[in-house]
Amino acid sequence: MTTQPTTPILSTRELRKSFLGVTAVNGATFDVPRNLITALIGPNGAGKTTVVSLISGQIKADSGQVTIDGADVSGWPAHRISQQGLMRTFQLSRELGGMTVLENLMVSARRQTGENLVNVFLRPGAVKKEEAALAARALEILNRYGLYHLRDSRAQALSGGQKKLLEISRAVIADPKILLLDEPMAGVNPALIEKIGEYIIDLRDGGMSILMIEHNLGIVEKICDNVVVLAEGRTLATGKMSELRENEDVVRAYLGEVINADNGR
Amino acid sequence: MHLFWIDFGTGLATAAVVALAATGLTLQFGITNYINFAYGDFMGLGALLTFALNNQAFHLNFWIAAPIAAILVGVFAVIANQLLLAPFARRFSNPALTMIVTFGLSLFMANVATVIWTGNTLFFRMPISVDKKVGPFLWSPDVMIVMGFAVLVMVMIHLLLKTTRLGKMMRALSDNTSLALTSGIDVRQITNVTWFMSGLLAGLGGIALAVEEANLTVTSAESYLFVIFAAVILGGIGSVYGAMLGALAIGLLTETAPLYINAGYKLDVGFFIVIVLLLFRPQGLVPRLGRS
Amino acid sequence: MSAFFLFFMTMVFYVIVFWIASLGLDLVWSRTGIPLFAYYLYVAVGAYLTGLFSLPHVPLQNGVGNLFGFNLPGLLALPLAAVVTGLFAMFVGAVFMRRLRTDYLAVVMVAVALVIWDFSQNDITLVSGNTGLTNIPLPLAGVLHININQWTYLYTGVAFVWALALWWIMKTVSNSPTGRVFRAIRDDSVVAATIGKNVYRYQILSMGIGGFYAAIAGGFLAQLATSWNPSSWAPFEVFNVFTMVIVGGVGSNLGMLVGAALLQVLFIQGPTYVASNYLHSPTFETLAAAAIGVLMWLSLWFRPQGAVPERLKSTAWYLGREPALQETINPDLTVEERA
Ligand SMILES: Nc1ncnc2c1ncn2[C@@H]1O[C@H](COP(=O)(O)OP(=O)(O)OP(=O)(O)O)[C@@H](O)[C@H]1O
Ligand SMILES: [Mg+2]
């Protein structure tokens, strides 16, 4: 993989967030390059999930800046950030439980004519045609991720591993420019981990940029092109996994030692 | 100015009623994540049972009937929680559903009470108590007893929560249910005690309201529900001392309001406070609701 | 016989009207997830506006009068009132959904309904306080020269046509991609925002449609009674509509008809008729009202999906045919994750 010297697809600058006095994110600053898989690693409680939520707009940052594909989206509501071409998954899967698996995908697609009631009543033919095409596309994606046989089940009936796949497919159908994955392989069996890894690589090869939170450094080494290390809410280091193995701060953070504030970076 | 002080005095009396009920409601909020719309009916039940013991069966003296009735409401609250509310709250994670269940309980209690006690205005069998001038205020001896009693109850609750083991466990459960679960507290027992206390206080509040208004109907307490809510929210949901202070503010506000606005809107002062507070200060004043 | 028949038709009328009312609440609550405890407020607003639009302006005199009156034909006043109520509902939604989480919203909605109810009792300038609106004209009765009995039969038919149209509209909305967004918001509003849906906008839209349905129901009630005042309704009557939705089957358009019929026939109109014609005492009626609470608990506990459960849409439904794709199940994926 050769990296193009273009602007990053996503960058954060000095993101900060505290919850009732507990500082979760404390100046996180990093770039996510285009068309690569970037890992976001760090010990438990480092603020990784919070950073993802700040980027995708589920949580409002106290301060700091987020740029997606050159556009400053700081402070935007979640749905507008999403429309900008960003999709995310959740650490604890959040399926739309009362809807079918197929509908979970269909609802996620962009720019649907029938999402405007005027069109529903005035252009029923166009809406119907679009629905059939969308369903076909959703089935294709479900098939790709091995969920095809579950298409008509309620999403809440799925197992943990299947829900992880559902989240990925739901993001994929929206064809995002950047995909944020929060521990997509946590709690799934080794065979599936392998599969999910391949899926993610396929997405990158298809042109998507990916930021994934992952604890397993073996996996990170294997599939990620780039790594961002977060500790105590700030960026500790960025680079290739092989370089980071040499970095004492990173090693210490993973050994669970308290990092001295002066040691940061 | 003279009229103002009379209304101010009435406000203090109303504050006593609201304080009793609001303390009970806030104790309940501490351990539930939904809102109990039947709480006003718990209050009404206290007054109606007092009426039953006082006028219909046993013909007990009012001051003996009242505490018995309040204890019965406490028992009723425990049963209502065990048989109805707790099972629904456990099964459905959506608090709106449990709120609808309490809505149903309210409707059920109000209609059954109407069957038993009719829709007529009822009066306790007790000597007529004439208003007396006390400083700038105008209070009847009964109302003064109610006020004194309310203060006594508040002090007792303070002592219970601050000095006894039971009170500490109640506070622990209310502050953090999951933590309490792991720290060896008998959650079931403390939950029952809390519901009992809450029912008892509701009953006392309802009785006090009937004494203050010198009569009662099956629905008179129901209309105070949101006034009680207002006191609880004003003080910060789950905070007992907040509820007491909130009650004082609400009592004075509702009773002096008719000097400035149409008396028909007296209780709306409470509703208004609920709306405005929840709209503009929900996080600061209501930190506990919506906990899962 | 004829008295019974009139009662029967009136009951059918109520069933139809509450079918409409529960369709609206079902959309807002079961399909969008908003606990709209103020729903009955919109029923009342629709009733008042239908009255005002079809009555002439009566200047305030001796505490009776209405601020305005358009003297419109009743058939026109009804939808007009519903549109205005829908806009009002959207406004209320816009104000309160902006800031409130759903559990606070539930309380605030009740408080708002209570304040407006009190206002309707105390304010005589707008709709005559406790006197309310009287002599609301029976639509068509004057034109066709028919008596009240004939009118009841005729207007039950009119209400039925309305109900069928509203049922079709609701079906179309809930089957559409818009309805799917509503359901996504109900299931998890955070996810709905994450996949790019403007949750706030859709919630307001849902409340507006709900307000429209509530107002049609309210308008019909006012026209049937030829009057509307603060004792014609109470904010807590919303519980009956919630019960219809739960008993009928949340998310099911036909279930709403079942729920409305069950409650009106067995728990509301039926007992009222029996109580006043045979028992000559209101006790039975009151007990029936209490029983609605019990019905709701039992229904929610033993059959939470309701009499007619919500139907999921299959792949074939979306494609318009059976899917042709040959599935390629990866054997690895049928193995479940570690415990
Ligand atoms: N909503 C919240 N309210 C209060 N504190 C929070 C909230 N969300 C996160 N925190 C706190 O912020 C810190 C960072 O949490 P975060 O979930 O972002 O960590 P993480 O790196 O994703 O951890 P993990 O590897 O366990 O997923 C933690 O101390 C956590 O307790
Ligand atoms: Mg995390």
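Residues numbered from 1 in each chain as written. Chains lettered and ligands numbered in written order. Predicted model: local features only at pLDDT ≥ 70, side-chain atom pairs only at ≥ 80, totals over all residues. Heavy atoms only, no water.

Caption draft 1: Inspection of the overall build of chain B at higher detail. When its secondary structure is counted, chain B shows twelve helices and two strands. The linear arrangement of helices and strands in chain B, starting from the amino end, is α-α-α-α-β-β-α-α-α-α-α-α-α-α. By its C-alpha atoms, chain B is 55 × 45 × 35 Å across when sized along the principal axes. Per-residue burial over chain B gives 57% buried out of 292 residues. Look at the contacts in chain B between residues 6 or more apart in sequence, and 74% of them connect residues 24 or more apart. With an accessible surface of roughly 11,800 Å², chain B has 69% of that area assigned to carbon and sulfur atoms. (Helix = DSSP H or I, 4+ residues; strand = E, 2+ residues; numbered from the N terminus. Buried < 20%, exposed > 50% of the residue type's maximum accessible area, 1.4 Å probe, protein only. Contact = heavy atoms within 4.5 Å. Areas by Shrake-Rupley, 256 points an atom, 1.4 Å probe, with all protein chains shown as cover.)

Caption draft 2: Looking closely at the domain arrangement of chain A. Residues and elements named next belong to chain A. Domain assignment breaks chain A into domain 1 (10–94 + 175–263) and domain 2 (96–157). The distance between the C-alpha centroids of domain 1 and domain 2 comes to 29 Å. Tallying the contact residues gives eight residues for domain 1 and five residues for domain 2. It is M87, Y199 and L203 that lose the most area in domain 1 upon contact with domain 2, and together they represent 66% of the buried surface on that side. On inspection of domain 1 and its partner domain 2, the count reaches zero salt bridges. Summed over the shared surface of domain 1 and domain 2, the result is two residue pairs in polar contact (both at pLDDT 80 or more). Put simply, the parts of the chain that give the side of domain 1 that touches domain 2 at least two residues each are α2 (78–83), β6 (86–88) and α7 (190–205). (Domains from an automatic or database assignment. Buried area = accessible area lost by both parts, 1.4 Å probe. Salt bridge = Lys/Arg side-chain N within 4 Å of Asp/Glu carboxyl O. Polar contact = N/O pair within 3.5 Å; in protein donor to acceptor, adjacent residues only side chain to side chain.)

Caption draft 3: Inspection of the environment of N62 of chain C at higher detail. Residues and elements named next belong to chain C. When you line up the elements, N62 lands in the loop between α2 (39–54) and α3 (74–99). What makes N62 exposed here is its relative accessible area of 76%. In sequence terms N62 and K197 are 135 residues apart; their C-alpha atoms lie 53 Å from each other.

Caption draft 4: Just the layout of surface pockets, in detail. Here the second largest pocket is characterised by a volume of approximately 1,600 Å³. What lines the second largest pocket is a set of 49 residues, among which W117, W233, A234, F236 and E237 of chain C lie closest to the centre. If you list the elements that add at least two residues to the lining of the second largest pocket, you get α4 (95–117) and α9 (225–235) of chain B together with α1 (2–30), α4 (102–122), α10 (199–225), α11 (238–248), α12 (253–279) and α13 (283–302) of chain C. The residue inventory of the lining of the second largest pocket, partitioned by class, reads 28 nonpolar, 16 polar and five charged. (1 Å grid on protein atoms, 1.4 Å probe; cavity = no way out; pocket = protein on both sides within 12 Å on 5 of 7 lines; lining within 4 Å. Points joined across faces, edges and corners; volume = space filled by probe spheres on them. Nonpolar A, V, L, I, M, F, W, Y, C, P; charged D, E, K, R; others polar.)

Caption draft 5: Layout of the coordination of the magnesium ion (ligand 2). All names here are of chain A. Bound to the magnesium ion (ligand 2) are the protein donor atoms T49 (OG1) and Q91 (OE1), situated 1.9 to 2.2 Å from the metal. Remark: Q91 occurs in the loop between β6 and α3 (101–106) and T49 occurs in helix α1 (residues 48–56); sequence separation between them is 42 residues. Accessibility expressed as a relative area gives 29% for T49, which makes it partly exposed. On the accessibility criterion, Q91 (33% relative accessible area) is partly exposed. (Donors = N, O, S within 2.8 Å, 3.2 Å for Na, K, Ca; no water.)

Caption draft 6: Structural context of the packing of aromatic side chains. One pass over the full model with this rule turns up 44 aromatic pairs over all chains. With a centroid separation of 6.3 Å and an interplanar angle of 45°, the aromatic rings of F53 of chain C and F68 of chain C are classed as tilted. Highlighted residues: F53 of chain C in helix α2 and F68 of chain C in the loop between α2 and α3, separated in sequence by 15 residues. Judged by its relative accessible area of 24%, F68 of chain C is partly exposed. Members of the aromatic cluster, connected to one another through ring pairs, are F29, F37, F103, F226, F229 and F271 of chain B together with W29, F37, F236, F239 and F242 of chain C. A cation sits over an aromatic face here: R94 of chain A above F90 of chain A, 5.2 Å from the ring centre. One cation-aromatic arrangement involves R151 of chain A over Y148 of chain A; the distance from NZ or CZ to the ring centre is 4.5 Å. (Phe/Tyr/Trp six-rings, centres within 6.5 Å; stacked < 30°, edge-to-face > 60°. Lys NZ or Arg CZ within 6 Å of the ring centre and 35° of its normal.)

Caption draft 7: The interface of chain C and chain B, seen in detail. Of the residues lining the interface, 41 residues belong to chain C; the matching set on chain B comes to 37 residues. Surface buried jointly by chain C and chain B totals about 3,600 Å² across both partners, of which 81% is contributed by carbon and sulfur atoms. On the chain C side of the contact with chain B, Y104, W297 and W301 of chain C bury the most area, a combined 20% of that side's loss. Across the contact surface, chain C and chain B share zero salt bridges.

Caption draft 8: Focus on α7 of chain A. Counted at 1.5 Å a residue, the expected span for α7 of chain A with its 16 residues is 22 Å, and the 23 Å between its end C-alpha atoms agrees. G207 of chain A sits one or two residues past α7 of chain A and shows a positive phi near 110°. (Expected span 1.5 Å × (residues − 1).)

Caption draft 9: Structural context of the side chain of N66 of chain C. In this fold, N66 of chain C is placed in the loop between α2 and α3. Residues within four places of N66 of chain C in sequence aside, it is in contact with L52, P56, H57, V58, T125, L126 and L133 of chain C.

Caption draft 10: Molecular detail of the environment of P79 of chain C. Residues and elements named next belong to chain C. Relative to the helices and strands, P79 resides in helix α3. Here the alpha-carbon distance between P79 and R183, two residues 104 residues apart in the chain, equals 27 Å. The contacts of P79, once residues within four sequence positions are left out, are W162, F212 and I216.

Caption draft 11: Summary view of the nonpolar core. Core analysis: the biggest nonpolar cluster contains 275 residues, and F37, F42, F226 and F229 of chain B together with F37, Y39 and F96 of chain C have the highest contact counts within it. Residue contributions to this core peak at 13 residues, all from α10 of chain C. Both of domain 1 (10–94 + 175–263) and domain 2 (96–157) of chain A provide at least three residues apiece to this core. Excluding residues that lie within four positions of it along the chain, F37 of chain C makes contacts with F37, A96, M99, I100 and F103 of chain B together with A106, M109, V110, V238 and F242 of chain C. (Core = buried A, V, L, I, M, F, W, Y, C linked by side-chain atoms within 4.5 Å.)

Caption draft 12: Spatial organisation of the pairing of strand β8 (residues 209–213) of chain A. All names here are of chain A. Where burial is concerned, most of β8 is hidden: five out of the five residues are buried. Here four bridges tie strand β3 (residues 37–41) to β8, and the two strands are oriented parallel to one another. Each bridged residue has a counterpart across the sheet, and for L40 the counterpart in β8 is I213. The sheet contact formed by strand β7 (residues 178–182) and β8 spans five bridges and is parallel. In the sheet register, L180 faces β8, and the bridge partner there is L211. Running through α7, the crossover from β7 to the neighbouring parallel element β8 is right-handed. (Pairing = 2+ DSSP bridges. Right-handed = clockwise from strand over helix to strand, strands pointing away.)

Caption draft 13: α1 of chain A, seen in detail. Burial analysis of α1 of chain A places eight of its nine residues in the buried class, the great majority of the element. Of all the positions in α1 of chain A, only K48, T50, V51, V52, S53, L54, I55 and S56 of chain A are classed as buried.

Caption draft 14: A look at unusual backbone geometry. One non-glycine residue with positive phi stands out, namely A214 of chain B, at about 65°. Residue placement: A214 of chain B occurs in the loop between α8 (187–213) and α9. Owing to a relative accessible area of 53%, A214 of chain B belongs among the exposed residues under this scheme. For H145 of chain C, which is not a glycine, the phi torsion comes out positive at approximately 55°.

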